[in-house]
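Fold and contact review
Residue strings, one per chain:
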Amino acid sequence: MTTETVKKPSVLFVCVHNAGRSQMAAAFLMTLGKGAIEVRSAGSQPADKVNPAAVEAMAELGIDMSAEIPKVLTTAAVKESDVVITMGCGDECPYFPGKRYEDWVLEDPAGQGVDAVRPIRDEIKSRIEGLIASLTPGAK
């Protein structure tokens with residue numbers, strides 16, 4: 001099999017509003033994954049805009065999320081993803097056999113300032129680094 005026929009692993013991050021945790025996770029995976037992993041994020045009840053404190057916290061690390069827009073969770077997004085990581089959407093996430101599901105228990109940054117968002121951001125970064133290692137074994 002040639003490298004052109006190998007499908008990239010795909011990850012979907014889901015939280016209620018798709019405005020904080022899932023957006024930060026997607027931004028980290030896009031940046032740290034260096035294009036090796038397809039990235040999606042969505043929310044069961046998307047907010048009007050991404051949390052400004054989350055945008056600020058990520059900007060501190062050189063990652064720009066200012067143009068991101070919360071998206072609604074669709075069954076198609078779940079079907080198209082190999083890994084589905086939920087962050088507080090509970091039973092609202094559709095389940096399909098054969099998918100890898102993880103639930104990351106993280107504090108919700110909604111309504112919090114950047115000082116409260118930084119530790120959440122840092123926890124997400126740590127988990128993303130582990131996720132990348134699990135999805136791209138042997139990659140440097």
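Preceding block: the structure.
Residues numbered from 1 in each chain as written. Predicted model: local features only at pLDDT ≥ 70, side-chain atom pairs only at ≥ 80, totals over all residues. Heavy atoms only, no water.

Bringing the pattern of salt bridges into the picture now. Using the criterion set out here, one finds ten salt bridges in the structure. One salt bridge connects arginine 40 with glutamate 38, and the closest N-O pair in it is separated by 2.5 Å. When its relative accessible area of 17% is taken as the criterion, arginine 40 is described as buried. One connected set of salt bridges, linked through shared partners, spans Glu60, Asp115, Arg118, Arg121 and Asp122. (Salt bridge = Lys/Arg side-chain N within 4 Å of Asp/Glu carboxyl O. Buried < 20%, exposed > 50% of the residue type's maximum accessible area, 1.4 Å probe, protein only.)

This part is about the sheet that holds strand β4 (residues 100-103). Taking strand neighbours across the sheet as the criterion, the four strands line up as β2-β1-β3-β4 in an open arrangement whose pairing is parallel. Edge positions in the sheet fall to β2 (38-43) and β4, since each of these pairs with one other strand and no more. The mean inter-strand angle of the sheet, taken between neighbouring strand axes irrespective of direction, is 20°. Examined bridge by bridge, strand β1 (residues 10-15) and strand β3 (residues 83-86) share four bridges and lie parallel to one another. Among the inter-strand pairings, valine 14 is bridged to a residue of β3, identified as threonine 86. (Pairing = 2+ DSSP bridges. Helix = DSSP H or I, 4+ residues; strand = E, 2+ residues; numbered from the N terminus. Axes fitted to C-alpha atoms, helices over the stretch in contact; angles between N-to-C directions.)

Residues Ala53, Ala54, Val55, Ala57 and Met58 constitute the buried set of helix α2 (residues 52-59). On its buried face, α2 is in contact with α1 (21-32) and α4 (114-135). The backbone nitrogen of alanine 53 lies 2.8 Å from a side-chain oxygen of the residue at the head of α2, namely asparagine 51. (Contact = heavy atoms within 4.5 Å. Polar contact = N/O pair within 3.5 Å; in protein donor to acceptor, adjacent residues only side chain to side chain.)

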